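Residue-level listing of the chains:
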Amino acid sequence: MKSGKEQTADLRWTLQKRMKEVLGRSLHIRHVDSGSCNGCDFEMNTLTNPIYDIQRFGVDFVASPRHADMLMVTGGVTRHLEEALIKTYNAASEPKMVVAIGACACGGGIFGRTYANYGGVDQIVPVYVYVPGCPPRPEAIIEGILLALDRYEELSRNKGEKMH
Ligand code: SF4
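All values derive from a computational prediction rather than experimental measurement.

Thresholds, definitions, all that
Residues numbered from 1 in each chain as written. Predicted model: local features only at pLDDT ≥ 70, side-chain atom pairs only at ≥ 80, totals over all residues. Heavy atoms only, no water. Helix = DSSP H or I, 4+ residues; strand = E, 2+ residues; numbered from the N terminus. Rg over C-alpha atoms; globule rule 2.2 N^0.38 Å. Buried < 20%, exposed > 50% of the residue type's maximum accessible area, 1.4 Å probe, protein only. Contact = heavy atoms within 4.5 Å. Lys, Arg positive; Asp, Glu negative; His and termini not counted. Charge placed at Lys NZ, Arg CZ, Asp CG, Glu CD. UniProt positions renumbered as here; feature names shortened; annotations may be inferred. Phe/Tyr/Trp six-rings, centres within 6.5 Å; stacked < 30°, edge-to-face > 60°. Lys NZ or Arg CZ within 6 Å of the ring centre and 35° of its normal. Near = heavy atom within 4 Å. Nonpolar A, V, L, I, M, F, W, Y, C, P; charged D, E, K, R; others polar. Pairing = 2+ DSSP bridges. Axes fitted to C-alpha atoms, helices over the stretch in contact; angles between N-to-C directions. Arc of directions from axis to C-beta.

As a further point, take the overall build of the protein chain. Along its length, the protein chain carries five helices and five strands. When the helices and strands of the protein chain are listed from N to C terminus, the series reads α-β-α-β-β-α-β-α-β-α. Computed over the C-alpha atoms, the radius of gyration of the protein chain is 15 Å, within 12% of the 15 Å expected from 2.2 N^0.38 for a compact globule of 164 residues. Taking the principal axes of its C-alpha atoms as reference, the protein chain extends roughly 45 × 40 × 25 Å. Residues counted as buried form 46% of the 164 residues belonging to the protein chain. A separation of at least 24 residues holds for 78% of the contacts in the protein chain among residues at least 6 apart in sequence. Across the protein chain, the 19 positively charged side chains and the 19 negatively charged ones have centroids separated by 3 Å.

A few words now on the UniProt feature "domain: NADH:ubiquinone oxidoreductase-like 20kDa subunit" (unreviewed entry) in the protein chain. Feature annotation in UniProt places "domain: NADH:ubiquinone oxidoreductase-like 20kDa subunit" (unreviewed entry) on residues 37-146, given in this structure's numbering. Counted over residues 37-146, helix gives 28% and strand 15%. Its end C-alpha atoms are 25 Å apart.

What follows covers the packing of aromatic side chains. What the rule picks out here adds up to one aromatic pair. A cation over an aromatic ring shows up here: Arg79 above the ring of Tyr118, its NZ or CZ 4.4 Å from the ring centre. Above the plane of the ring of Tyr89 lies Lys96, whose end atom (NZ or CZ) is 4.9 Å from the centre.

The subject of this paragraph is the site of the ligand. Residues in contact with the ligand, as listed here, are Ser36, Cys37, Gly39, Cys40, Ala103, Cys104, Ile110, Gly133, Cys134 and Pro135. Of the residues contributing to the shell around the ligand, the split by class is seven nonpolar, three polar and no charged.

Time to look at the sheet that holds strand β3 (residues 70-74). Across the sheet, five strands lie side by side as β2-β1-β3-β4-β5; this open sheet has parallel pairing. Here the strands that pair on one side only, and so sit at the sheet edges, are β2 (59-61) and β5 (129-131). Looking at each pair of strands side by side, their axes are set apart by 25° on average, direction ignored. Pairing analysis gives three bridges linking strand β4 (residues 97-101) to β5, with the strands arranged parallel. When the bridges of β5 are listed, Ile101 appears paired with Val131. Packing against the sheet, helix α5 (residues 138-159) makes contact with β1 (27-33), β3, β4 and β5, and its axis sits at approximately 170° to β5.

With that settled, consider the pairing of β3. Counting buried positions along β3 yields five of five residues, so the element is predominantly enclosed. Here β3 shows no split at all, with Met70, Met72 and Thr74 on one side and Leu71 and Val73 on the other all buried. Summarising the sheet, β1 and β3 pair through five bridges and their orientation is parallel. Looking across to β3, one finds that Val32 is bridged to Val73.

Buried within helix α3 (residues 82-91) are the following residues: Leu85, Thr88, Tyr89 and Ala91. All buried residues of α3 project into a common sector of 165° when viewed along the axis, lining one side. Among the exposed residues of α3, those oriented more than 90 degrees off its buried face are Glu83, Lys87 and Asn90.

What follows deals with the environment of Cys104. Counting through the fold element by element, Cys104 comes out in helix α4 (residues 103-107). By relative accessible area, Cys104 is classed as buried at 13%. Placed 27 residues apart in sequence, Cys104 and Val77 show a C-alpha to C-alpha distance of 8.3 Å. If we ignore the near neighbours within four places in the chain, the residues touching Cys104 are Gly75, Gly76, Gly109, Ile110, Phe111, Gly119 and Gly120.

Pasting the structure below:
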């Protein structure tokens, strides 16, 4: 059986291979914090540390949604951040792959649905992939990216679109 380190290495190589097959280039991600406790954000940040180092495999976190293929959203969407999420979504490039990171983003989590919290990203914008966990491990976030690429590939094939 493979060690955790070997399994993580396999995941990263798979990610690089799938980006090449599906996009023909690197993947650009914009992170949106729509009201998280920051636990999910810390797990996301580990993806670029020297252990996971996914930038080396072709994933880039970008400052502008206009340059992003994917939005990674943390938090259950507070009313204060609703507008920011909508504006970021509208500014993002097609195909606007939205990945909800963590229990809050997937369905409200421990904050649920209240006067101040919408209770999940899909209450505001369409979600491509849900990554549960409180917070999810970095490996689960990588698997979420892979699922989003699979979904994009399938949707493009059904529409008869050329991907790259
Ligand atoms: S899922 Fe957990 S770690 Fe992530 S934002 Fe919600 S409470 Fe925080």
